[in-house]
Amino acid sequence: MERNQIQTYLNSNKDRFLNELLDLLKIPSISAKPEHKPDMQKTAEAVKQRLTEAGADNVEICQTKGYPVVYGEKIIDPAKPTVVVYGHYDVQPAEPLDLWDSPPFEPVIKKTDIHPEGAIFARGSCDDKGQMYMHVKAFETMMKTNTLPCNVKFMIEGEEEVGSPSLGPWIIENKEKLKGDIILISDTSIIANDIPSIDAGLRGLAYMEVEVTGPNRDLHSGVYGGAVANPINILCKMIASCHDENNHITIPAFYDKVQELSTEERAEMAKAPFNLDDFKKDLNIAEERGEKGYSTNERTGIRPTLDVNGIWGGYTGEGAKTVLPSKAFAKISMRLVPHQDSHEISELFKKHFESIAPKSVTVKVTAHHGGEPVVVPTTSKGFLAASKAMEETYGKKPVPTRSGGSIPIVALFKKELGMDSILFGFGLDSDALHSPNEHYGIFNYYKGIETIPLFYKYFTA
Ligand code: BES
Ligand code: MN
Ligand code: MN
């Protein structure tokens, strides 16, 4: 009955739901770039307006030290449970622009092999405007069909892609306002459009920057080359030494707190469908690579990593300039698993990197933002409600998975607000998040809007 009402409303508003999202995607809300400050404000105002139109009360743009959080709520009965929806309206920078087939902030719909019904190509379409907006439209649908079964609070932030520096302090100051029973987030992926899944964990993150200095100035690489340490050569060696021949990380004590999964847990994880050939084909790689002794899903889900995200120094312009550079730089991230601590790991990295540097150079190591790993109990009421909701709309029980990505604020929701989060993502890993040609399936968008109200229903029941 209820499901029919919801579907009827969704069907008769499909085009509008899509067009509203396309409008939101046209605003370049890139949190990492200060010149987009006006766009951030514009996006926050648009989200506020959409929440208000959908039927939320007390909708406000809450100032923080950084970009604002958009808050709104519908309290139908204080005795009923409260779902707190979290999402982010900021997006990653779109560079490199020349690799986009269409401009990142001019959304277009195109069919792909994986999305035969069409996908929206735009920065933020999947991560996270498209997935966040499903919640606004699901809420509208419940309001208009009189099927909202419990209270709801929205908290949509603008700094997730830069590590949520202001949201932590903001939630601590607003504990009373944010009181609720569960956090609901669509900012992760499912395995495939015919294989629904729910993440039961996220990795943490420690993000470092290193600067290696050799001689006090750039030198002629012929006159001095061979007699002076080249900081780029040295940095490459230092980075290479961070993995051994089995691709284990060599930083002392790095694995000390890593929780090893039991054979049973690993067997459970291995049930998640995974096709290595498709994986390789999608990425155009001849062979996968990772830590010895672990499967691909384990390598991304339950094992920590160390990866260079960027490395630079010396001459990178056109042609050849013979130079022995004074400095070399790298940005290095480590993904963390339960119970590793991002501050401890940053410290271990710093100590290690300083200790392996030869006397011929000096190194400076600084830490950027980080975040702690999380696990979501799969037997909790929230997880079971999410599972039932997906089972109903996909016709298949969702598979519990562990995601390799990070949403740093989730651990703080637990620590500061005492609430677990349900990672109710509907995107696909192949949707090119953070990459050129990011897209989000229209099927996924509507499926999310259809499934979310069922979460409310089962969570309240
Ligand atoms: N939505 C992603 C995280 C994600 C993507 C989780 C896919 C699971 C599957 C989020 O916006 C993100 O990109 N997080 C960053 C961390 C942040 C500190 C920049 C990440 O994981 O790199
Ligand atoms: Mn995201
Ligand atoms: Mn992201």
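Predicted model, so just to flag it, every value in this text is computed and none were measured.

Draft legend 1. Region of interest: helix α9 (residues 342-356). Between its first and last C-alpha atoms α9 spans 21 Å; for 15 residues at 1.5 Å apiece the expected length is 21 Å, and the two agree. Among all positions of α9, only Ser342, Ile345, Ser346, Phe349, His352 and Phe353 are buried. Looking straight down α9, one finds its buried side chains confined to an arc of 135 degrees; they lie on one side. Exposed side chains of α9 directed beyond 90 degrees from the buried face belong to His343, Lys351 and Ser355. Capping the start of α9, Asp341 holds a side-chain oxygen 2.9 Å from the backbone nitrogen of His343, two or three residues further along.

Draft legend 2. A look at the side chain of Thr213. Counting through the fold element by element, Thr213 comes out in strand β11 (residues 204-213). Judged by relative accessible area, which is 15%, Thr213 ranks as buried. Among the polar contacts made by the side chain of Thr213, one reaches the side chain of Lys327 at a distance of 2.9 Å. Residues contacting Thr213, with those up to four places away along its chain left out, are Pro231, Ser326, Lys327, Ser360, Val361 and Thr362.

Draft legend 3. Broad picture of the sheet that holds strand β4 (residues 108-110). With antiparallel pairing, three strands are arranged side by side in an open sheet as β4-β5-β21. Across the chains shown, the open sheet's two edge strands, defined by having one partner strand only, are β4 and β21 (439-441). Going from strand to strand, the sheet's axes swing by 30 degrees on average, the running direction of each strand aside. Across three bridges, the pairing between strand β5 (residues 119-121) and β21 is antiparallel.

Draft legend 4. Quick look at the packing of aromatic side chains. Throughout the structure, instances matching the rule amount to twelve aromatic pairs. Ring geometry for Trp312 versus Phe329: centroids 5.1 Å apart, planes at 10 degrees, classification stacked. With Trp312 in strand β13 (residues 305-313) and Phe329 in strand β15 (residues 327-336), this residue pair connects regions lying 17 residues apart in the sequence. Overall, the relative accessible area of 35% leaves Trp312 in the partly exposed class. Judged by relative accessible area, Phe329 falls into the buried class, the value being 18%. Positioned over the ring face of Tyr446 is Lys14, at 4.7 Å from the centre of the ring.

Draft legend 5. Layout of the coordination of the manganese ion (ligand 3). Donor atoms from the polypeptide that bind the manganese ion (ligand 3) are Asp127 (OD), Glu161 (OE), Glu161 (OE) and His434 (NE2), placed at 2.1 to 2.5 Å. Angles of 56 to 155 degrees at the metal separate the six donor atoms of the manganese ion (ligand 3), which places the site in the irregular class. Counting residues between consecutive donors of the manganese ion (ligand 3) along the chain gives the motif D-x33-E-x272-H. Separating the manganese ion (ligand 3) from the manganese ion (ligand 2) is a gap of 3.6 Å, bridged by Asp127, which donates to each. With a gap of 307 residues between them, Asp127 in the loop between β5 and α3 (129-144) and His434 in the loop between β20 (427-428) and β21 connect regions that are remote in the sequence. Judged by its relative accessible area of 8%, Asp127 falls in the buried class. Under the relative-accessibility criterion, His434 is labelled partly exposed at 40%.

Draft legend 6. Broad picture of the domain arrangement of the protein. In terms of domain boundaries, the protein breaks down into domain 1 (3-202 + 373-459), domain 2 (205-258 + 304-371) and domain 3 (261-298). Put simply, the middle of domain 1 and the middle of domain 3, counted by C-alpha atoms, are 27 Å apart. In this assembly, six residues from domain 1 lie in contact with five residues from domain 3. Counting the surface lost from both domain 1 and domain 3, the interface buries some 420 Å², and carbon and sulfur atoms represent 75% of this. Taken together, domain 1 and domain 3 are joined by zero residue pairs in polar contact (both at pLDDT 80 or more). Tallied by class, the residues present in the side of domain 1 that touches domain 3 amount to three nonpolar, two polar and one charged.

What counts and what doesn't
- Residues numbered from 1 in each chain as written.
- Chains lettered and ligands numbered in written order.
- Predicted model: local features only at pLDDT ≥ 70, side-chain atom pairs only at ≥ 80, totals over all residues.
- Heavy atoms only, no water.
- Helix = DSSP H or I, 4+ residues; strand = E, 2+ residues; numbered from the N terminus.
- Expected span 1.5 Å × (residues − 1).
- Buried < 20%, exposed > 50% of the residue type's maximum accessible area, 1.4 Å probe, protein only.
- Arc of directions from axis to C-beta.
- Polar contact = N/O pair within 3.5 Å; in protein donor to acceptor, adjacent residues only side chain to side chain.
- Contact = heavy atoms within 4.5 Å.
- Pairing = 2+ DSSP bridges.
- Axes fitted to C-alpha atoms, helices over the stretch in contact; angles between N-to-C directions.
- Phe/Tyr/Trp six-rings, centres within 6.5 Å; stacked < 30°, edge-to-face > 60°.
- Lys NZ or Arg CZ within 6 Å of the ring centre and 35° of its normal.
- Donors = N, O, S within 2.8 Å, 3.2 Å for Na, K, Ca; no water.
- Tetrahedral: all angles 85-135°; square planar, octahedral: opposite > 155°, others 65-115°.
- Domains from an automatic or database assignment.
- Buried area = accessible area lost by both parts, 1.4 Å probe.
- Nonpolar A, V, L, I, M, F, W, Y, C, P; charged D, E, K, R; others polar.

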